[in-house]
Amino acid sequence: MSAISIRQVRKKYGNLVALDGVSLEIEQGEFFGLLGPNGAGKTTLITSMAGLCTPDSGVIEVMGHDVQKDFRIARRQLGVVPQELVFDPFFTVRETLTFQSGYFGLNKNDDWIDEVMANLDLSNKADANMRSLSGGMKRRVLVAQALVHRPPVIVLDEPTAGVDVELRQSLWQFISRLNQAGHTIVLTTHYLEEAESLCGRIAMLKQGRVVALDTTQNLLAKHRPPGVPPKVLGDDGAADLEAVFVKIMSEAK
Amino acid sequence: MSEIQPLIAGKKMPEAKIQSGFPALFRKEVKRFYKVAFQTVAAPILTAVLYLLIFGHILANSPKIYGYEYAAFLIPGLVMMSILQNAFANTSSSLIQSKITGNLVFVLLAPLSHIEFFAAYVGAAMIRGLCVGFGVFMVTIWFAKIPFAAPIWIFVFALLGSSLLGAMGLVAGIWADKFDQLAASQNFIIMPATMLSGVFYSIHSLPEFWLKVSHFNPFFYMIDGFRYGFFGQSDVSPFHSLAVIFFCLLIVTRVALGMLKKGYKIRN
């Protein structure tokens, strides 16, 4: 059973085709990258997975459960870290996490909430109002909210946009640990060096279509633009994936 | 994140422990207005008391209504008006704030059905409306002697009225894209409809035309039925009022549930 199965998903907003027959299988335990320029359809695909919008056609399953027909079980399998830094200004960090846990039907979940907060360095901010937190701290709470119901599949929609280097590194350490512990991670990012170092497999989207899908290593090997010298993966590989990304995007119709 | 604690990643919560998300969403909505109770409960009580002091004083010598002084007639109307306006305000303001700030996404990501969503928001609106109504009653009761002819009707109309306005607030909160759209619905529909529903007067004192118009205002039936619980007298039968309000509640609930199920303006 795939962690996420996306089959022929189409979505239009008026005349704009956001998703044009996207199909993807993301296996359990993968660290999967979803890349593409702005407007490629990444966020539409993620919101469709999360049930935040309804595709015009096609099927999306999370851990074998249809996100529309079997939404209760499907949503319990999925934790989503939204792109925007959103929060409820009425509540403290602990209240935010306790309510979020409650929405998923987990009313006695304090041990796990404490553990998530400890791992995200939020324990000393547990009773602070969300308004008083810095941007980085708010981002950590967003991650904690996505984990509060222990989902096997975690989707991060540009989680490091506007985040300082220190938080970015500690966030990736934490996410990598979750992946090693068995969580499936789906990541969208514009920082290609992050995708290259973290993702085992990458899909590239352009104008709502998948234009490349392969392991990171194969993408780098197959699509290296002429004139770019081969490099060892991980040795300043950022330029490589960036060059590959630009080449694939320019070649894709 | 330097000292990393042991993480039980991937450990699933036993299915038996998983319950409905409704209680958490209901508690959140109640706590939201409770945290700013000075604004959401105390302020409307003060407004109602000011209405009583001003109108009660100006119209102190007006003819008795149902055999009681004007202040006694006015108090149940003010209580019900407060219940209705605050029930509407709770759902509508909570939803529009969550939509505009974007934090509604946390509720939408959860495995809550449209019925649980509706019940939690409307339930919390009823609690706020009833809290404010009770507060208004407890403060204003000292200004006039009020009978309790049929208390059951007081509870029935308070519950139905608050649920109807809570559901209407939900519809308005989903529909409105901006704060001024919501303010327009509040100021140009809810406020006039409540003020012209017989809170301050018996509709039998109106000219024939406006008396007929009043019968098309559902707020009139809520106020009139609620007042029947105190005086045992009303402009129309409480059963008639009950039927009208129940019908309105069915329609508004149907509309609200339809919007939520479709995800109208919240899931796209």
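Please read these numbers as outputs of a predicted model, since none were measured by experiment.

Q: Can you tell me about the sheet that holds strand E10 (residues 209-215) of chain A, naming the residues and giving the values?
A: All names here are of chain A. Strand order in the open sheet made by the 6 strands is E6-E7-E8-E3-E9-E10, with mixed pairing throughout. In this open sheet, the two edge strands, each paired with only one partner strand, are strand E6 (78-81) and E10. Between one strand and the next, the sheet's axes are offset by a mean angle of 15 degrees, whatever the strand orientation. Against the sheet, helix H1 (residues 42-49) contacts strand E3 (31-35), E6, strand E7 (153-157), strand E8 (184-188) and strand E9 (201-206), and its axis sits at roughly 150 degrees relative to E7.

Q: I'd like a description of unusual backbone geometry, backed by residues and values.
A: Even without a glycine there, the phi angle at A:Met63 is positive, about 50 degrees. With respect to the helices and strands, A:Met63 occurs in the loop between strand E4 (57-62) and strand E5 (65-66). For B:Lys265, which is not a glycine, the phi torsion comes out positive at approximately 65 degrees. With respect to the helices and strands, B:Lys265 occurs in the segment after helix H10 (238-262). Residue classification places B:Lys265 among the partly exposed residues on the basis of 14 C-beta atoms within 10 Å.

Q: Kindly report on the interface of chain A and chain B, identifying the contributing residues and their values.
A: Between chain A and chain B, the residue contacts involve 39 residues of the former and 35 residues of the latter. If you list the elements that add at least two residues to the side of chain A that touches chain B, you get helix H2 (71-76), helix H3 (93-103), helix H4 (110-119) and helix H6 (165-180) of chain A. Grouping the constituent residues of the side of chain A that touches chain B by class yields 19 nonpolar, 11 polar and 9 charged.

Q: I'd like a description of H4(A), backed by residues and values.
A: All names here are of chain A. Buried within H4 we find Trp 112, Ile 113, Val 116, Met 117 and Asn 119. One side of H4 holds all its buried residues, which, seen down the axis, span an arc of 165 degrees. Where the residues of H4 are buried, they touch H3, helix H5 (135-147) and H6. Taken from the residues just after H4, Asp 121 is the one with a positive phi, measuring 60 degrees.

Q: Describe the environment of B:Thr40, and please don't skip the residues or the numbers.
A: Residue and element names in this part refer to chain B. By the secondary structure assignment, Thr 40 is in helix H2 (residues 37-58). Classification of Thr 40 as partly exposed rests on a count of 19 C-beta atoms within 10 Å. Separated by 169 residues in the primary sequence, Thr 40 and Phe 209 have C-alpha atoms spaced 37 Å apart. When neighbours within four sequence positions are excluded, Thr 40 is seen to be in contact with Phe 33 and Arg 128.

Q: How would you explain the environment of B:Leu260 if you had to name every residue and give the values?
A: Within the fold, B:Leu260 resides in helix H10. Along the sequence, B:Leu260 and B:His114 sit 146 residues apart, while their C-alpha atoms lie 5.4 Å from each other.

Q: Which residues make up the domain arrangement of chain A, and what values do they have?
A: Residues and elements named next belong to chain A. Domain annotation for chain A reports domain 1 (14-20 + 29-77 + 151-253) and domain 2 (88-150). The gap between the C-alpha centroids of domain 1 and domain 2 is 25 Å. Taken together, the contacts link 10 residues of domain 1 with 10 residues of domain 2. Per-element tally for the side of domain 1 that touches domain 2: the top contributor is H6, with 3 residues.

Q: Give me the lowdown on the sheet that holds E5(A), citing residues and values where you can.
A: All names here are of chain A. Taken in spatial order, the 4 strands make up an open sheet running E2-E1-E4-E5, and their pairing is antiparallel. Lying at the two open borders of the sheet, with one neighbouring strand each, are strand E2 (16-26) and E5. Across 5 bridges, strand E1 (residues 4-13) lies against E4 in antiparallel orientation. Directly across from Ser 5, in E4, lies its bridge partner Glu 61.

Q: An account of the packing of helix H3 (residues 70-101) of chain B against helix H5 (residues 114-140) of chain B is requested, with residue identities and associated values reported.
A: Residue and element names in this part refer to chain B. Where H3 contacts H5, the axes come no closer than 7 Å and their chain directions differ by 150 degrees. What the angle tells us is that H3 and H5 run roughly antiparallel. When you trace H3 past H5, the crossing you get is right-handed. Per-class residue counts for the contact of H3 with H5 are 16 nonpolar, 8 polar and 1 charged.

Q: How would you explain helix H1 (residues 22-35) of chain B if you had to name every residue and give the values?
A: Between its terminal C-alpha atoms H1(B) stretches 20 Å, which fits the 20 Å expected from 14 residues at 1.5 Å a residue. The set of residues buried in H1(B) consists of B:Phe22, B:Ala24, B:Leu25, B:Lys28, B:Glu29, B:Arg32 and B:Phe33. Against H3 of chain A together with H2, H3, helix H4 (105-108) and H5 of chain B lie the buried residues of H1(B).

Q: Kindly report on the pairing of E1(A), identifying the contributing residues and their values.
A: Residues and elements named next belong to chain A. Bridging between E1 and E2 involves 8 bridges; their strand directions are antiparallel. By the bridge assignment for E2, Lys 11 is matched with Leu 19. Hairpin geometry of E1 and E2 is characterised by an intervening segment of 2 residues between the two adjacent antiparallel strands and by a positive phi of about 65 degrees at Gly 14.

The rules behind these values
- Residues numbered from 1 in each chain as written.
- Chains lettered and ligands numbered in written order.
- Predicted model: local features only at pLDDT ≥ 70, side-chain atom pairs only at ≥ 80, totals over all residues.
- Pairing = 2+ DSSP bridges.
- Helix = DSSP H or I, 4+ residues; strand = E, 2+ residues; numbered from the N terminus.
- Axes fitted to C-alpha atoms, helices over the stretch in contact; angles between N-to-C directions.
- Contact = placed C-beta atoms within 7 Å.
- Buried ≥ 20, exposed ≤ 12 C-beta atoms within 10 Å, placed from the backbone.
- Nonpolar A, V, L, I, M, F, W, Y, C, P; charged D, E, K, R; others polar.
- Arc of directions from axis to C-beta.
- Domains from an automatic or database assignment.
- Parallel < 35°, antiparallel > 145°, perpendicular 65-115°, else oblique.
- Left-handed = near helix turned anticlockwise from the far one by under 90°.
- Expected span 1.5 Å × (residues − 1).

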